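As a plain string of letters, each chain reads:
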Number of protein chains: 2
Amino acid sequence: MSRAEPSRRGSRHGRAGIRDVAAAAGVSITTVSDALNGKGRLPDATRRHVREVADRLGYRPSAAARTLRTGKSGLIGLTVTTYGDEPFTFTEFAYFAEMARAATSAALARGYALVILPATSRHDVWSNVALDGTVVIDPSDHDPVVSDLVRQGIPVVSDGRPAGTLPVTAWVDNDHEAAVLGILDHLAAAGARRIGLLTGTSTDTYTRLSTHAYLHWCERIGQDPVYEKYPAHDPCAGAVAADRLLARPDRPDAVYGLFDPNGTDLLAAARRYGLRVPEDLLLVCCSESTVYATTEPPITTLSLKPRRIGTAVVQLLIDAIEGLDTGRPVEQVIPTELIVRTSSQRRPPRTTVSAPRGPAV
Amino acid sequence: MSRAEPSRRGSRHGRAGIRDVAAAAGVSITTVSDALNGKGRLPDATRRHVREVADRLGYRPSAAARTLRTGKSGLIGLTVTTYGDEPFTFTEFAYFAEMARAATSAALARGYALVILPATSRHDVWSNVALDGTVVIDPSDHDPVVSDLVRQGIPVVSDGRPAGTLPVTAWVDNDHEAAVLGILDHLAAAGARRIGLLTGTSTDTYTRLSTHAYLHWCERIGQDPVYEKYPAHDPCAGAVAADRLLARPDRPDAVYGLFDPNGTDLLAAARRYGLRVPEDLLLVCCSESTVYATTEPPITTLSLKPRRIGTAVVQLLIDAIEGLDTGRPVEQVIPTELIVRTSSQRRPPRTTVSAPRGPAV
DNA sequence: TCCTCTTGCAGAAACGTCTCTGTCAACAGT
DNA sequence: ACTGTTGACAGAGACGTTTCTGCAAGAGGA
């Protein structure tokens, strides 16, 4: 058989390849590639001509071939750690959505595309997509996905400081301890005498640091800790825990809930016990959701500033991918923001106040 | 230069390739490929040996190379149509999350991975990832992404029946008209005399069909339509529209809201006007969110059964990818479910009742 | 006129995998 | 002993790009 088989004329199975474009434009493959990618030394006339022919043929370069040749896919993954066996469960819809939006924009601005991948059984999914790097949200203690990626030499940046010795390339996080202390001070200033906490049973860093800060504050102030733990991934468990907390003999007169739905959970529980908010019970929870602006009463929330986190994470990751990691620090702390509403104030002025800020930008 | 350069010994830049595995195992590349993919005629001993060596070397086949060779990437895309210039905006967090979860599971079960892609400027993102097929949620009238994909011969299945002549491969949807009629009947049976509607300004099929069904019902019953439109992607606009609706001189005594946040919007507006729910105002909205189980009072919601839709969409898509499209119909209607709570009942029994079902499974 | 640049383009070698087509042994059947 | 047959493997293309190298032709300088 000679090299030029007669059978492979035109586009052999529907899609036009670079060869077809070259033939139709009467130039070589090299010229097409250069013209389309803005490389080489070509007169504008040729460039335009090739581009026009490519458009007419509906030519799209094969992502697989390009990736294979260049070693870069232009893709970065965004993972949400899973709690059960389900692909993903969001305790924080709004947080995730905001963070993902910001991350997508930031990636796009630097020429990358972001794909959201469930963190299920690792290889099955991950090995099918060529990733230049990955963002991991709240990696758990010894996350197999992360170690696997790192072992392959793929940069990994985490949202939330990694637990244990997880070898991530960089991380971005809030100063959770400072945020909790700020809230407790805020509640105390509003007149709270005994502040309770609604927290989680899981061992992730957010839960651990926040709980620790609470206990530390109690010790310093001299208040007995009053808290309930529950598995944060189970929405019903949150409602039950809120109820338990308010049913205690040492009922708190103010509560901070670490998770997004805690606001509504606590509000419902307060109603059941005939407690008025904020008169009998002060309430704050950590959430990005806007529903707390219209609840009865509106609830004070702590925002973790997901947009800033999403942007920062992507910048760090792309820097690492492109080998520019010398510029920025590999650890970045984003300040939180306390959005003060009726539920945490005995006298009802309505303003937005910034929380104590973390050490770095 | 001879073919075997001395310089390319071992893994040349960190990652082990199939060549390295072959060399380390003392077999040929063919044997490695066959052993790892369960093909060819190899004794179990060889197969095990190769697998063991591959594991030891941390070998992962290159997704790009595999895709290039086989023409299949094993990836299917999931798009959320964007409203503004932002990558994606969810009017329906919960719907999307549930749908995406179900779709991911279904895809995994059939050996595919699902990647969630923002529907921004099409090529920029889409051309970077090799997709075997795509799921599109609520494609707009003449969606450029969809036509682009179809022109490339990539199967596209849409969640929501396509508007206009959008050439999708298949679609899955609820019977929105039947659902709306069911709700209106439900409200009328609960004693509503004038039922209002909170609807959107956009032209997508869901909004259009639902609004049309409402107007049709009003005409049949002989009630003057009472509705407010607003841009569904703007959360603040929803609150304003809810307020406008209840401020009208011909104030409705029952309202159905087409979008997820309408429940809280309407509840807040009702409070402002001193209307008790359900005594003065009956409320239903379309939502998958569980927060409506704990609002004061709990709000009746219409569920579109996102899990069933996600599963069905993926099945249809994979059938099309694998050329099995003869089996299933290309149009599938999923029944909705009305979850009746306090807000739509003058007497407070609490049960879950199924809505009138669509024609097909 | 000869030599060097520059311009405009073409050839061909990778990238890492799958798979079709051998090849070579052993062995059975006649 | 000669021919099939089968098992166990190896060789050698593709797949569709990018990109390094190379070549011809014209421009400019000596």
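Up top is the structure.
Just so you know, these numbers come straight off a predicted model, no measurement behind them. (Residues numbered from 1 in each chain as written. Chains lettered and ligands numbered in written order. Predicted model: local features only at pLDDT ≥ 70, side-chain atom pairs only at ≥ 80, totals over all residues. Heavy atoms only, no water.)

**A closer look at the overall build of chain A**
Phase 1 of the analysis: Looking only at helices and strands, one finds twelve helices and 13 strands in chain A.
Phase 2 of the analysis: A burial count over chain A gives 53% of its 361 residues as buried.
Phase 3 of the analysis: Taking as baseline every contact in chain A between residues at least 6 positions apart, the subset at least 24 positions apart corresponds to 65%. (Helix = DSSP H or I, 4+ residues; strand = E, 2+ residues; numbered from the N terminus. Buried < 20%, exposed > 50% of the residue type's maximum accessible area, 1.4 Å probe, protein only. Contact = heavy atoms within 4.5 Å.)

**Some words on the protein's contact with DNA strand D**
Phase 1 of the analysis: As a matter of local geometry, DNA strand D sits amid 30 residues, with I18(A), R69(A), S28(B), T31(B) and R69(B) nearest to it.
Phase 2 of the analysis: Sugar and phosphate atoms form 58% of the subset of DNA strand D atoms that lie within 4 Å of the protein.
Phase 3 of the analysis: S33(A) is positioned such that a nitrogen or oxygen atom in its side chain is 3.0 Å from a phosphate oxygen of DNA strand D.
Phase 4 of the analysis: Those elements giving two or more residues to the surface near DNA strand D turn out to be helix 1 (18-25), helix 2 (29-37) and helix 4 (63-70) of chain A together with helix 2 (29-37) and helix 4 (63-70) of chain B.
Phase 5 of the analysis: Looking at which element gives the most residues to the surface near DNA strand D, the answer is helix 2 of chain A, with five residues.
Phase 6 of the analysis: Per-class residue counts for the surface near DNA strand D are nine nonpolar, eleven polar and ten charged. (Near = heavy atom within 4 Å. Polar contact = N/O pair within 3.5 Å; in protein donor to acceptor, adjacent residues only side chain to side chain. Nonpolar A, V, L, I, M, F, W, Y, C, P; charged D, E, K, R; others polar.)

**Some points on the side chain of H186(A)**
Residues and elements named next belong to chain A.
Phase 1 of the analysis: Summarising the element assignment, H186 is placed in helix 8 (residues 176-189).
Phase 2 of the analysis: A polar atom in the side chain of H186 sits 2.8 Å from the side chain of S344.
Phase 3 of the analysis: Each residue touching H186, except ones within four places of it in the same chain, is listed here: L338, V340 and S344.

**A closer look at the interface of chain A and chain B**
Phase 1 of the analysis: Contacts between the two partners involve 46 residues from chain A and, on the opposite side, 46 residues from chain B.
Phase 2 of the analysis: Counting the contacts that link chain A with chain B gives four salt bridges.
Phase 3 of the analysis: One salt bridge in this structure joins E296(B) and R271(A), with 3.2 Å as the shortest N-O distance.
Phase 4 of the analysis: Remark: the boundary between chain A and chain B carries seven residue pairs in polar contact (both at pLDDT 80 or more).
Phase 5 of the analysis: In terms of residues, the side of chain A that touches chain B owes the most to one element, helix 5 (residues 93-109) of chain A, which gives eight residues.
Phase 6 of the analysis: Looking at the side of chain A that touches chain B, its residues break down into 23 nonpolar, 15 polar and eight charged. (Salt bridge = Lys/Arg side-chain N within 4 Å of Asp/Glu carboxyl O.)

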